[in-house]
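Inside the fold
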Amino acid sequence: MYGKLVTLTTAIVLAGLTSAMAVEGARAFFPAVDQERGRLVVHGATDVEAMEPLIRDFQSTATDVAVDYTDYVTNDLYRDADAACRKQEGFGDILLSSSVDQLVKLANDGCALAHSSAETRLVPDWANWREEVYGFTFEPSVMVYHKDFVPPEDVPHGHGELTDLLRIKPDYYRGRIGTYDLRQSGIGYLLAFLDVQQASTTYGRLLESLSRVEAVLRCCNNAVLAEIDSGNVYIGYNILGSYAYAAALRNTKLRIVLPRDYTLILSRGVLIPKGAKRPDLAGRFLDYLLSERGQQVARREAFFFSRNGPLPDNVGGPPKLIESGIGRPIRIGPALLAAQDQLQRSTFIDDWTRLLRGSAAGEAP
């Protein structure tokens, strides 16, 4: 029988208070099923709520392993991991992050341990860099809307359609469109950086429209989804499909749109940091995440989308996103280092901030 989570913060999160939205910064301890003989320390920019089914199933295969999990905002995870690496100090046994560019930067700076196994050899090339950073999920970047406030004729099915909608009905949607604050969100920055590469003119026009309607800016996926859940925001842009689908399961009035012009596909990254006290346990957990069993649990209970399976129920789109040409996977590799170039990053975020400063009223306090 599994033990109870021992932190009050995590208990509140998992109890589903405040619209059942998980909160970054939560910490959870999962006791070993049997007598503890090892403890795995996981630092993740991934909600406890999403990771719990995977952790518990892993523990059913490793009954003597306890798991200590802390949830971070992406930028905070990178900052702390980078600082620990520079000081040659330990910082957990395994790192998980949706901001795979930040993990690639850590690996490039010599902060990662390589890991190879039968499971890692099955990972597609675009989700494996130097056997140091692996992608273990398949998560489209989607638009989410509340059907009570967005009439059928307004539903945008692509980036251009969202731009046109906000130009045609700016008064109705003023303060009702939510997206990431790039100054706080690593994944928000990465998706925006890649949006420009996909269609710079289209994204530029979209930014102008977001500024015109005073977009609501939040730190992270669940903060935007909480605004949509409450009806304060009508449409969310660039939300990870896994979080969006979990929110739609809780609130059946939420709807998910896979953009038809292109849909970025993120594979959430995993890395074993140098200085890990238990790299052996980290390797076992990494292998579990990549295994057929782990992938099935992820699709069924945690992240809902998968490379090879059908789209989740009530999500419209082509049966095979990548083969259709609509899905564009974010390749985990050296090209992502451009996103982490400090001058380019600061210039991009400064330009983005200037364009959207008309939406300052929608910023998080």
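Check the entry above for the structure.
What comes next is a walk through the structure. Just so we're clear, the structure is a prediction, and the values are computed from it rather than from any experiment. (Residues numbered from 1 in each chain as written. Predicted model: local features only at pLDDT ≥ 70, side-chain atom pairs only at ≥ 80, totals over all residues. Heavy atoms only, no water.)

Looking only at helices and strands, one finds 15 helices and 15 strands in the protein. Against the globule reference of 21 Å for 365 residues, the protein gives a C-alpha radius of gyration of 20 Å, in line with a compact fold. For the protein, with 365 residues in total, the buried portion stands at 58%. Sequence separation of at least 24 residues holds for 80% of the intrachain contacts in the protein that already meet a minimum separation of 6. When the 39 positive and 45 negative side-chain charges of the protein are each reduced to one mean point, those points stand 1 Å apart. (Helix = DSSP H or I, 4+ residues; strand = E, 2+ residues; numbered from the N terminus. Rg over C-alpha atoms; globule rule 2.2 N^0.38 Å. Buried < 20%, exposed > 50% of the residue type's maximum accessible area, 1.4 Å probe, protein only. Contact = heavy atoms within 4.5 Å. Lys, Arg positive; Asp, Glu negative; His and termini not counted. Charge placed at Lys NZ, Arg CZ, Asp CG, Glu CD.)

This part covers the packing of aromatic side chains. A ring pair, where both rings are aromatic, is described by two values, the distance of the centres and the angle of the planes. Under the defined criterion, the tally for this structure stands at 14 aromatic pairs. Note on Phe58 and Phe285: the rings are 5.0 Å apart at their centroids and 65 degrees apart in plane angle, and the pair reads as edge-to-face. Of the two residues, Phe58 is situated in helix H3 (residues 48-61) and Phe285 in helix H12 (residues 279-290); the sequence distance between them amounts to 227 residues. Taking the relative accessible area as the measure of exposure, Phe285 reaches 1% and is therefore buried. Pairing Phe149 with Tyr234 gives two aromatic rings, centres 4.8 Å apart and planes at 5 degrees, and the pair type is stacked. Residue Phe149 is located in the loop between strand S8 (139-146) and helix H6 (159-168), and its partner Tyr234 is located in the loop between helix H10 (221-230) and strand S11 (235-240); the two are separated by 85 residues in the primary sequence. For Tyr234, a relative accessible area of 9% translates into the label buried. Aromatic ring contacts, followed pair by pair, group Phe149, Tyr172, Tyr173 and Tyr234 into a single cluster. (Phe/Tyr/Trp six-rings, centres within 6.5 Å; stacked < 30°, edge-to-face > 60°.)

Moving on to helix H8 (residues 186-198). Look at H8: 19 Å from first C-alpha to last across 13 residues, which is about the 18 Å you get at 1.5 Å a residue. Here H8 has its buried residues at Gly186, Ile187, Gly188, Tyr189, Leu190, Leu191, Ala192, Phe193, Leu194 and Asp195. The N-capping residue of H8, defined by a side-chain oxygen 2.8 Å from the backbone nitrogen of Gly188, is Ser185. (Expected span 1.5 Å × (residues − 1). Polar contact = N/O pair within 3.5 Å; in protein donor to acceptor, adjacent residues only side chain to side chain.)

This brings us to the pairing of strand S3 (residues 65-71). With respect to burial, S3 is a largely interior element, seven of its seven residues being buried. Going residue by residue along S3, you find Val65, Val67, Tyr69 and Asp71 tucked away on one face and Ala66, Asp68 and Thr70 tucked away on the opposite face as well. Bridge analysis of strand S1 (residues 27-30) against S3 gives four bridges, and the strand direction is antiparallel. Counterpart to Arg27 in the pairing with S3 is Thr70. Two elements, strand S2 (residues 38-45) and S3, share seven bridges in a ladder whose sense is parallel. Of the residues in S3, the one forming a bridge with Arg39 is Ala66. (Pairing = 2+ DSSP bridges.)

This part takes up the packing of helix H9 (residues 200-212) against helix H15 (residues 342-356). Two elements in contact, H9 and H15, have axes whose closest approach is 8 Å; the angle formed by their N-to-C orientations is 45 degrees. Considered as vectors, H9 and H15 are oriented oblique to each other. Here Tyr203, Leu207, Leu210 and Ser211 of H9 lie close against H15, whose contacting residues are Trp352, Leu355 and Leu356. Its residues assigned to classes, the contact of H9 with H15 shows six nonpolar, one polar and no charged. (Axes fitted to C-alpha atoms, helices over the stretch in contact; angles between N-to-C directions. Parallel < 35°, antiparallel > 145°, perpendicular 65-115°, else oblique. Nonpolar A, V, L, I, M, F, W, Y, C, P; charged D, E, K, R; others polar.)

Glancing now at the side chain of Thr46. Tracing the sequence through the fold places Thr46 in the loop between S2 and H3. Setting aside residues up to four positions removed in sequence, Thr46 forms contacts with Met51, Tyr69, Asp71, Tyr72, Leu96, Tyr243, Arg268 and Phe303.

In this fold, Phe193 is placed in helix H8. As for Phe193 and Arg345, which are separated by 152 residues in sequence, their C-alpha atoms are 8.8 Å apart. When neighbours within four sequence positions are excluded, Phe193 is seen to be in contact with Ala338, Ala339, Gln344 and Phe348.

Before going further, it helps to examine the packing of H10 against helix H11 (residues 241-250). Closest axis-to-axis distance for the H10/H11 pair is 10 Å, and the angle between their directions is 30 degrees. In this structure, the crossing between H10 and H11 has a hand that is right-handed. Of H11, the residues touching H10 (which contributes Asn221, Asn222 and Leu225) are Tyr243, Ala244 and Ala247. Class assignment for the residues of the contact of H10 with H11 results in four nonpolar, two polar and no charged. (Left-handed = near helix turned anticlockwise from the far one by under 90°.)

Walk down a regular strand and you will see the side chains alternate between the two sheet faces. With six of eight residues buried, S2 is to be regarded as a mostly interior element. Handedness of the crossover is the feature at issue here: the chain leaves S2, passes through H3, returns alongside S3, and the resulting connection is right-handed. Judged from the four bridges that link them, S2 and strand S4 (residues 94-97) form a sheet pairing that is parallel. Residue Ala45 lies in a different strand from S4, and its bridge partner there is Ser97. (Right-handed = clockwise from strand over helix to strand, strands pointing away.)

Relative to the assigned elements, Pro259 resides in the loop between strand S12 (254-257) and strand S13 (263-266). Distance from Pro259 to Ser141, taken between C-alpha atoms, is 8.5 Å for residues 118 residues apart in sequence. Apart from residues lying up to four places away in sequence, Pro259 is in contact with Ser141, Val142, Met143, His157, Gly158, His159 and Ile326.

Treat this as a map of the structure, not an account of what it does.
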